[in-house]
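What the coordinates show
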Amino acid sequence: MPTIVDVAKRAGVSLSTASDILNGKLKGAPGTAERVRQAVLDLGYRPNLLGRRLRTARAGAIGLVVPFRRPLFSSALLTDALAGIQAEQERAGLNLLLAGKRYDQPGEAYGADLFESRAVDGLVVIGTRETYGRDLDLDARALKRLGCPLVWLHHFKGKEKVDRIVRGGGDALRDGLRHLKERGRTRVGFLAPGIGLKPGERPSAASYQKRAGEFGLATREEWIAAGEAFDGGAIRAAM
């Protein structure tokens, strides 16, 4: 197999110049960079990714931990998140590793094994209904001790300081209520996720009644229900 040394010789440049151009550290003169790229094509050179990882101590990948107990791609939340993550990872020149473990054993922090084994350079964890009731501060502290860069999406019930990206639902609710008002509707019901609720338990009615009242819309406690989309609960609650 051709090596970077062969590429440098064919292009008539030093080894360090060829390496820096291929790694994006050096643009080089247009003619020089073109000779290096042409030498790569002519020789069929493929970089040794394992060797590069050993030299740089970087995996070139981020890990995505999604603690769902249901099929992953049954969630619109995950699909939307993946679309955004994919756009940015490609722009950054990174790969994405989707963690398949549930990390539900005692003392097992989300994604810690991936970072410790240097399979990834950092982690994105999506907070889901499965993270409710878990002491997420233990996860955050464990990953901090490892020096693992961490971004948490959506729900984080903890006191540790972590970089977070959250969805703002207030504007969506306001816009929905305004739309119903403009369509001449006067009575409105609310369908909420059942996260953290016991079977058959209703979401707290006070905040929904307040928001409906701001638009002159009427609601009642029995018009407020909880249900999940993935198991048909939302359909049953709506009906």
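This text gives an overview of the structure that appears in the document.

Conventions used here
What you see as residue numbers is a count from 1 along each chain, following the sequence as written. In keeping with the predicted nature of the model, local features appear solely for residues at pLDDT of at least 70, side-chain atom pairs appear and are counted solely at 80 or more, and the whole-chain, interface and lining totals rest on all residues. Each side-chain value is worked out from all heavy atoms of the structure, with water and hydrogens disregarded. Labels follow the DSSP assignment, with helices taken as runs of H or I lasting at least four residues and strands as runs of E lasting at least two, numbered in each case from the N terminus. Three labels apply to residues, based on accessible area from a 1.4 Å probe with only protein chains included: buried if under 20% of the type maximum, exposed if over 50%, partly exposed otherwise in between. For the area figures, the Shrake-Rupley method with a 1.4 Å probe applies, and any residue is considered shielded solely by the protein chains shown. Pairing between two strands requires that DSSP report at least two bridges joining them. When the strands point away from the viewer, a crossover counts as right-handed if the path from the first strand over the helix to the second runs clockwise. For this analysis, a nonpolar core means a set of buried residues of the types Ala, Val, Leu, Ile, Met, Phe, Trp, Tyr and Cys, connected via side-chain atoms within 4.5 Å. Pairs of residues are marked as contacts when any of their non-hydrogen atoms sit within 4.5 Å. Between N-to-C directions, angles span 0 to 180 degrees; the directions come from axes that are lines fitted to C-alpha atoms, helices contributing only their stretch in contact.

**Points about the overall build of the chain**
- When helices and strands are tallied, the chain shows 10 helices and 7 strands.
- Counting only residues that meet the buried cut, the chain has 33% of its 239 residues in that class.
- When the accessible area of the chain is evaluated, it comes to approximately 15,000 Å², of which 53% is carbon and sulfur surface.

**Some points on the pairing of strand E4 (residues 150-154)**
- With 4 of 5 residues buried, E4 lies mostly within the body of the structure.
- Pairing analysis gives 5 bridges linking strand E3 (residues 123-127) to E4, with the strands arranged parallel. By the bridge assignment for E4, Ile126 is matched with Leu153.
- Both E4 and strand E5 (residues 163-165) contribute to a ladder of 3 bridges, which runs parallel. What sits directly across from Trp152, in E5, is Arg164.

**A closer look at the pairing of E3**
- The element E3 is extensively covered by neighbouring structure, given that 5 of its 5 residues are classed as buried.
- Side-chain alternation along E3 places Leu123, Val125 and Gly127 on one buried face and Val124 and Ile126 on a second face that is also buried.
- Two strands pair when backbone bridges link them, and strand E1 (residues 61-65) and E3 are joined in this way by 3 bridges, in the parallel orientation. In the sheet register, Gly63 faces E3, and the bridge partner there is Leu123.
- Of the crossover connections in this fold, the one passing from E3 over helix H7 (residues 136-145) to the parallel E4 is right-handed.

**A look at the nonpolar core**
- With 20 residues, the main nonpolar core has Val65, Tyr110, Leu123, Leu150 and Trp152 as its most contacted residues.
- Looking at this core, the elements that each hand over two or more residues are helix H6 (112-116), E3, H7 and E4.
- For Leu150, the residues in contact, after removing those within four places along its chain, are Leu123, Val125, Leu143, Val162 and Asp163.

**Section: the side chain of Thr32**
- Summarising the element assignment, Thr32 is placed in helix H3 (residues 30-43).
- We classify Thr32 as buried; its relative accessible area is 19%.
- Not counting the four nearest positions on each side in its chain, Thr32 is found in contact with Val13, Thr17 and Ile21.

**Observations regarding the sheet that holds strand E2 (residues 95-99)**
- Read across the open sheet, the 5 strands follow the order E2-E1-E3-E4-E5; overall the sheet is parallel. Bordering the open sheet on either side are E2 and E5, each of which pairs with just one other strand. When strand polarity is set aside, the average angle formed by the axes of neighbouring strands in this sheet is 25°.
- Where E1 and E2 come together, 5 bridges link them in parallel fashion. Along E2, the bridge assignment pairs Ala61 with Asn95.

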